[in-house]
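Structural characterization, general
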Amino acid sequence: MRKEPFLIGKYYHIYNRGTDKRIIFSDVFDLQRFIQSMEEFNVVDPTGGIYNNKFKNREKFRISSPKLVDFVCYCLNPNHYHFILSPLVDNGIEKFMQKLGAGYTKYFNEKYQRSGVLFQGRYKSIYISSDKYLMYLSAYINLNDHIHRLRPWRSKSMDKGVKLFWKSSWGEYLGKKKENFCNKSIILDRYKDVN
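Below you will find a few notes about this structure. (Residues numbered from 1 in each chain as written. Predicted model: local features only at pLDDT ≥ 70, side-chain atom pairs only at ≥ 80, totals over all residues. Heavy atoms only, no water.)

1. Quick word on the packing of aromatic side chains
- Here the structure, examined in full by the defined rule, presents 19 aromatic pairs.
- With centroids separated by 5.8 Å and ring planes inclined at 55°, the aromatic side chains of Phe25 and Tyr104 adopt a geometry described as tilted. Highlighted residues: Phe25 in the loop between strand E1 (12–17) and helix H1 (28–40) and Tyr104 in helix H4 (residues 92–111), separated in sequence by 79 residues. For the residue pair Phe25 and Tyr104, the accessibility class agrees, reading buried in each case. (Phe/Tyr/Trp six-rings, centres within 6.5 Å; stacked < 30°, edge-to-face > 60°. Helix = DSSP H or I, 4+ residues; strand = E, 2+ residues; numbered from the N terminus. Buried < 20%, exposed > 50% of the residue type's maximum accessible area, 1.4 Å probe, protein only.)

This is how it looks when you write it as structure tokens:
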């Protein structure tokens, strides 16, 4: 159990990786499914799962149900992820992360005919205690693929010839993607000119 509660309006670095450092995004469909999960499970009301949602009017459901968390930025690497989240309701981060972890693990286990845990224990969290730390972490997370030197092919330490898949909110911050998933104002309002 977490000793300190997540406080509404505060910011937290949330991260985890695959058990035994395993790859958690084996192809582009896994990555797309995780991103879809990030969006569809971020609601206060029960979702019934992504499969069930495809039979509903998802857009109407998302508009009518309040969000659990605000995303500031994210990075999904082949074997781990990073988020900066701010809870919007009591227990928002806990509820969101439980839905996300359980939902994606179920999808992954069914697809790859495996069982058991996918992630290395409970997600980790760090309270972002200062504005300076928030700015540092937003750059660290948005550019995490550069920090890990990810390229379209695995490094020498991994199996050669196997493609890697990753995604971050960096393109959204640069305005190169039409997505409006993250609440970027907390970061971008600190700069007069982002170009």
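Moving on, there is more to tell.
2. Structural notes on the pattern of salt bridges
- Counted under the stated rule, the structure contains 3 salt bridges.
- The salt bridge involving Asp30 is made with Lys111; its shortest N-O contact spans 2.8 Å. A residue pair is termed long-range when its members are at least 10 positions apart, and Asp30 in helix H1 and Lys111 in helix H4 qualify at 81 residues.
- Across the salt bridge formed by Glu172 and Lys184, the nearest N and O atoms sit 2.9 Å from each other. Pair noted here: Glu172 is in helix H7 (residues 170–174) and Lys184 is in the loop between H7 and helix H8 (185–188), with a separation of 12 residues, a long-range link.
- Overall, Glu172 belongs to the buried group, its relative accessible area being 3%. (Salt bridge = Lys/Arg side-chain N within 4 Å of Asp/Glu carboxyl O.)

3. Comments concerning the nonpolar core
- Phe34, Met38, Phe71, Phe83, Phe96 and Met97 are the most contacted members of the largest nonpolar core, which has 42 residues in total.
- At the level of secondary structure, the elements contributing two or more residues to this core comprise E1, H1, strand E2 (69–76), strand E3 (80–87), H4, helix H5 (131–142) and H8. (Core = buried A, V, L, I, M, F, W, Y, C linked by side-chain atoms within 4.5 Å.)

4. Observations concerning the sheet that holds strand E5 (residues 167–168)
- One open sheet accounts for 5 strands, arranged E4-E1-E3-E2-E5; its pairing is antiparallel. Every other strand in the sheet has two partners, leaving strand E4 (124–127) and E5 as the edge strands with one partner each.
- As defined by bridge partners, E2 adjoins E5 across 2 bridges and the pair is classed as antiparallel. Its bridge partner being in E5, Leu76 is matched across the sheet by Lys167.
- Across the face of the sheet, H1 comes into contact with E2, E3 and E5 while running at roughly 165° to E2.
- Running at roughly 145° to E3, H4 makes contact with E1, E2 and E3 of the sheet. (Pairing = 2+ DSSP bridges. Contact = heavy atoms within 4.5 Å. Axes fitted to C-alpha atoms, helices over the stretch in contact; angles between N-to-C directions.)

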